[in-house]
Amino acid sequence: MRWAAIVGGALGLFVIGALILVLLAPIPVVGPAATPPAAPTWAPPGPVPDAAADPGAGNQTRVDAAWAERTAAATGIPVRALVAYAGAAMFKADQMPECALSWSTLAGVGMIESHHGTYGGSALDEGGTAVPGIFGIALDGVTTANVPDSDDGTIDGDPDSDRAVGPMQLIPQTWKNWHVDGGGDGVEDPQNIDDAATAAANYLCRSSTAMDTEAGWRAAVSAYNSSDTYLSNVAAAAESYNAAVGG
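Everything quoted here is computed from the prediction, not taken from an experiment.

A. Fine view of the overall build of the chain. When helices and strands are tallied, the chain shows eight helices and two strands. For the chain, the α and β elements follow one another from N to C terminus as α-α-α-α-β-β-α-α-α-α. A buried classification covers 41% of the 247 residues belonging to the chain. Across the chain, the fraction of contacts at a sequence separation of at least 24, relative to all contacts at a separation of at least 6, is 57%.

B. Up close: the state of the cysteines. Evaluated as defined, the whole model comprises one disulfide. Disulfide partner of Cys99: Cys205, at an S-S distance of 2.0 Å. Disulfide Cys99-Cys205: the torsion about the S-S bond is -80°, which places it as left-handed. Residue Cys99 is found in the loop between α3 (79–95) and α4 (103–114), and its partner Cys205 is found in helix α6 (residues 193–207); the two are separated by 106 residues along the sequence. For the pair formed by Cys99 and Cys205, the shared burial category is buried.

C. Expanded view of the confidence of the model for the chain. Put simply, the chain has an average pLDDT of 88, and 85% of its residues get 70 or more. In the model, residues 1–31 has pLDDT below 50 throughout and makes zero contacts with residues more than four positions away in sequence or in other chains.

D. Focus on the environment of Val221. Among the structural elements, Val221 can be located in helix α7 (residues 214–224). Classification of Val221 by relative accessible area gives buried; the value is 0%. On a C-alpha basis, the gap between Val221 and Trp42 in space is 9.2 Å, while along the polypeptide they are 179 residues apart. Those residues within four positions of Val221 in sequence are excluded, and the remaining contacts are Thr105, Leu204, Met211, Tyr230, Leu231 and Val234.

E. Representation of the side chain of Asn59 within the structure. Secondary-structure assignment places Asn59 in the loop between α1 (2–24) and α2 (65–75). A distance of 3.0 Å separates polar atoms of two side chains, one belonging to Asn59 and the other to Thr198. Beyond its immediate chain neighbours, meaning those up to four positions away, Asn59 contacts Val83, Gly87, Ala88, Phe91, Gly182 and Thr198.

F. Quick peek at the packing of α2 against α3. At a minimum axis distance of 9 Å, the contact between α2 and α3 shows a crossing angle of 115°. Seen from above, α2 lies across α3 with right-handed handedness. Between α2 and α3, the contacting residues are Trp67, Ala68, Glu69, Thr71 and Ala72 on the first element and Val79, Leu82, Val83 and Ala86 on the second. Class assignment for the residues of the contact of α2 with α3 results in seven nonpolar, one polar and one charged.

G. Fine view of unusual backbone geometry. The omega torsion across Val131 and Pro132 is -10°, close enough to zero to call that bond cis. Inspection of the secondary structure assignment puts Pro132 in the loop between β2 (130–131) and α5 (172–178). Phi at His115 takes a positive value of approximately 50°, unusual for a residue other than glycine. Mapped onto the secondary structure, His115 falls in the loop between α4 and β1 (123–124).

Criteria and thresholds
- Residues numbered from 1 in each chain as written.
- Predicted model: local features only at pLDDT ≥ 70, side-chain atom pairs only at ≥ 80, totals over all residues.
- Heavy atoms only, no water.
- Helix = DSSP H or I, 4+ residues; strand = E, 2+ residues; numbered from the N terminus.
- Buried < 20%, exposed > 50% of the residue type's maximum accessible area, 1.4 Å probe, protein only.
- Contact = heavy atoms within 4.5 Å.
- Disulfide = S-S within 2.5 Å.
- pLDDT = per-residue confidence, 0-100.
- Polar contact = N/O pair within 3.5 Å; in protein donor to acceptor, adjacent residues only side chain to side chain.
- Axes fitted to C-alpha atoms, helices over the stretch in contact; angles between N-to-C directions.
- Left-handed = near helix turned anticlockwise from the far one by under 90°.
- Nonpolar A, V, L, I, M, F, W, Y, C, P; charged D, E, K, R; others polar.

Structure below.
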């Protein structure tokens, strides 16, 4: 019993001592919660791609292969998609330099719209065509804007409502207005990344020039999708690509 009393007393002193240490311990100073960085409102142009020494047919051939490999490795953009974005931007730089459309903005759109042609298990084949084809949900006004059928289903496969198609998710009416053979293979196909990226470039530069300014950039991308969240997501993706290559 005496031993138990001694042990019990020792334990009591230990508990009391521990409590004193806790009470005397400095109270951590907790500052205000860290403020998350603001979402970007636009994306300035990225570094200009290196031009191929001997381009062939198609905008994708405008891009230097070594630049494409380095940039793809730095950004994670598949090479086949990257040369389509860069080639379309280079095409517009020659045709309409005042637009100042950057490859990184086109890549930002392609990332948000289809993960560079890989959405839903699709992939870009050697020619740049999404296989299987990429089709958005029906724009029937239920959970989306109401976009009545404009193509009898010939482009999007839906005779009732329009659906966005291809790696740049162009609606049939937009494709009919801006269809183009960006790949130089004699075929115009919204499921082809070269054609789709060039059509998107034409559409963006028609919507706004001076995309090297915040107001001009936002006006152009808003024509593609006016959601503030969409603009921020495209800007964030484009900025990440610029940062990856030191832009």
